[in-house]
Amino acid sequence: MTSAGVLRVVKPGLLSTVQDLGRWGHQASGVPVAGPMDLCSHRLANYLAGNAPDAATIEITLIGPELIVDADTVLSVCGADFDLTCDGDMVAAGVSFPVRRGQTVRFGRRRGGARAYLGVAGGGVLLPPVLGSRATHLVSHMGGLDGRALIAGDVLPVAAQASSVPTRARGLTLPSAGRARVRVAPGPQADWFGDEAWRALTSVSFRVSPRSNRMGYRLEGPPLTRTKSGEAISEPVCMGAIQVPSAGEPILLMADRQTAGGYPKIGQVISADLCLAAQLAPGDFIEFARCTEREAVAALIARERELMAQMVPGREGRGTA
């Protein structure tokens, strides 16, 4: 797709990166997937911009950017609830809105959640794909804009697009007061842990450590003791896996996770609840509730129905995504 305009970065925010659905199909070669932390909000932002789900958005973390739009287009914002303005006029969350060339979009105070997604009509951010994806993987410096977070002065190519797109989505419920409760199914090494570890995992609130990032959340709480010593044979890992090093401090793997790991995995956060975990910031709390595989499948079906209900023209709701 040919670029017809740009987004100019005046202020980049704390951590703003270009993300699409991720770099799938290359993990066997050691290439990480990357992609959005909150897949649900990424999909909704693209829907509101009139794009396919795999279009590249800008993932905005904790402190948002200031951007100048050098094209008449339509933008959308879903996910964390920020004070958002376009040339000083307030814009509601969970909406698409037209912008004119030369206007400035600013993200102000964050009211809830940790990550928002900025969609751009006409196909999203049009950077060259790497191995079929525009997703930024920060550790390997791959994809996005030179494999890094945005900085002041960056220029992102976009399409000029002023056609009609959906205007609002109800969105998903954000974690309340910096706390999320997610469901977890037994992991591949669940038998390495006894009842004591499972009681610890599911009966307390773990604090998301300041040492957390897009690769994984280090969780502060009671140590999860093993009943089996040693390390597992290194195997592929996925987002939501809960690894437990020998010291017992669990690590919840997230979007920039490594391709394989040998720490035993006590559990796996179910796919339906990953979007809730993605909206946590360092210092927030996460709680785990054990569930079965059948319950995990049912929850994913319910989540997809919730999303699809908002992606039907004429069924607009209210609130943040």
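Attention in this report is confined to the structure presented alongside it. (Residues numbered from 1 in each chain as written. Predicted model: local features only at pLDDT ≥ 70, side-chain atom pairs only at ≥ 80, totals over all residues. Heavy atoms only, no water.)

This part covers the sheet that holds strand 15 (residues 251-253). Strand order in the closed barrel formed by seven strands is 10-17-14-15-12-11-18, with mixed pairing between adjacent strands. Strand after strand, the sheet turns through a mean of 40° between neighbouring axes, direction not considered. Strands strand 10 (179-186), strand 11 (206-208), strand 17 (265-269) and strand 18 (285-290) of the sheet are contacted by helix 2 (residues 195-203), whose axis makes an angle of about 130° with strand 18. (Pairing = 2+ DSSP bridges. Helix = DSSP H or I, 4+ residues; strand = E, 2+ residues; numbered from the N terminus. Axes fitted to C-alpha atoms, helices over the stretch in contact; angles between N-to-C directions. Contact = heavy atoms within 4.5 Å.)

This part covers the pattern of salt bridges. For the structure on display, the rule yields 18 salt bridges. The shortest N-O distance in the salt bridge between Arg148 and Asp154 comes to 2.8 Å. Salt bridges sharing common partners tie together Arg8, Asp70 and Arg101. (Salt bridge = Lys/Arg side-chain N within 4 Å of Asp/Glu carboxyl O.)

Attention shifts here to the packing of aromatic side chains. Under the definition given, this model contains two aromatic pairs. A centroid spacing of 5.6 Å and a plane angle of 85° characterise the contact between Phe82 and Phe107, whose relative ring orientation is edge-to-face. Residue Phe82 is located in strand 5 (residues 73-86), and its partner Phe107 is located in strand 8 (residues 104-120); the two are separated by 25 residues in the primary sequence. We note that Phe82, like Phe107, is buried. Ring plane angle 65° and centroid distance 6.0 Å describe the contact between Phe206 and Phe288, whose orientation is recorded as edge-to-face. Taken together, the residues Phe206 in strand 11 and Phe288 in strand 18 connect sequence positions 82 residues apart. Grouping residues by exposure puts Phe206 and Phe288 together as buried. Against the face of Trp198 rests Arg290, its NZ or CZ located 3.9 Å from the ring centre. (Phe/Tyr/Trp six-rings, centres within 6.5 Å; stacked < 30°, edge-to-face > 60°. Buried < 20%, exposed > 50% of the residue type's maximum accessible area, 1.4 Å probe, protein only. Lys NZ or Arg CZ within 6 Å of the ring centre and 35° of its normal.)

Moving on, we come to the pairing of strand 1 (residues 5-11). Summarising the sheet, strand 1 and strand 9 (residues 155-158) pair through four bridges and their orientation is antiparallel. Directly across from Leu7, in strand 9, lies its bridge partner Leu156. Here strand 1 runs beside strand 4 (residues 66-69); their pairing, made up of four bridges, is antiparallel. Bridged to Arg8 within strand 4 is Ile68.

Attention now moves to the environment of Ala296. On the secondary structure map, Ala296 appears in helix 4 (residues 293-310). For the pair Ala296 and Val130, spaced 166 residues apart in sequence, the C-alpha to C-alpha distance is 33 Å.

This part covers the side chain of Glu59. Mapped onto the secondary structure, Glu59 falls in strand 3 (residues 57-61). Only 2.9 Å separates the side chain of Glu59 from the backbone nitrogen of Met37, close enough to count as a polar contact. Sequence-distant contacts of Glu59, that is, excluding residues within four places in its chain, are made with Leu15, Ser16, Thr17, Gln19, Pro36, Met37, Asp38, Arg115, Ala116, Tyr117 and Arg214. (Polar contact = N/O pair within 3.5 Å; in protein donor to acceptor, adjacent residues only side chain to side chain.)

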